[in-house]
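Residue strings, one per chain:
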Amino acid sequence: VQLQASGGGLVQAGGSLRLSCTASGRTFSSYILGWFRQAPGSEREFVAAVTWKGGRTYYEDSLKGRFTISRDNAKSTMYLQMNSLKPEDTADYHCGALPDFWADKYREASRYTLWGQGTEVTVSS
């Protein structure tokens, strides 16, 4: 059972990246999948989440309009489309899985029971 994140890289400010998180080893129909990011010296912070079953989305308010989360159930993959990137978006981005009976805790990294490795995003000014 694992999550595999990919798609990070170096991009100039104003550019775009699409991150992917592929799930394998089990069904995630009763889970919420989320993206968090962690900059050096900072705590892991919530970015966005999506329910696997219904596709309901949740966003950190400050990122709405620039970031879009989605999932493709057939490919067992979640995406994070990031547009108009800013240097302050630089961080390691992690995907995690949250049992949906904890749905109201989607902002809390400590509630997520499975994590993929991070994918590094660097935005140059």
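Residues numbered from 1 in each chain as written. Predicted model: local features only at pLDDT ≥ 70, side-chain atom pairs only at ≥ 80, totals over all residues. Heavy atoms only, no water.

**Quick notes on the pattern of salt bridges**
- By the definition in use, this model includes six salt bridges.
- Here D89 and R66 are joined by a salt bridge, their closest N and O atoms 2.8 Å apart. Highlighted residues: D89 in the loop between β8 (77-82) and β9 (91-99) and R66 in the loop between β6 (57-59) and β7 (67-72), separated in sequence by 23 residues.
- Taking relative accessible area as the criterion, R66 reaches 12% and is therefore assigned buried.
- By sharing partners, the salt bridges in this structure join R37, E45, R66 and D89 into a single network. (Salt bridge = Lys/Arg side-chain N within 4 Å of Asp/Glu carboxyl O. Helix = DSSP H or I, 4+ residues; strand = E, 2+ residues; numbered from the N terminus. Buried < 20%, exposed > 50% of the residue type's maximum accessible area, 1.4 Å probe, protein only.)

**Quick notes on the sheet that holds β7**
- Taken in spatial order, the four strands of this open sheet run β1-β3-β8-β7, and their pairing is antiparallel. The open sheet terminates on both sides in strands that have one partner only, identified here as β1 (2-6) and β7. Within this sheet the neighbouring strands show an average axis-to-axis angle of 15°, counted without direction.
- Of the pairings in the sheet, the one linking β7 to β8 comprises six bridges and is antiparallel in character. In the sheet register, S70 faces β8, and the bridge partner there is Y79. (Pairing = 2+ DSSP bridges. Axes fitted to C-alpha atoms, helices over the stretch in contact; angles between N-to-C directions.)

**Digging into the environment of S20**
- Along the polypeptide, S20 turns up in strand β3 (residues 17-24).
- The class for S20 is buried, based on a relative accessible area of 14%.
- Once the C-alpha coordinates of S20 and Y58 are considered, the two residues, 38 residues apart in sequence, prove to be 17 Å apart.
- Other than its neighbours up to four places away in sequence, S20 contacts Q4, A5, S6, W35, T77, M78 and Y79. (Contact = heavy atoms within 4.5 Å.)

**Regarding the pairing of β3**
- The pairing of β1 with β3 spans five bridges and is antiparallel. Note that in β3 the partner of L3 across the bridge is A23.
- For β3 and β8, the ladder comprises six bridges, and the chain directions are antiparallel. Within β8, the residue paired with C21 across the bridge is M78.

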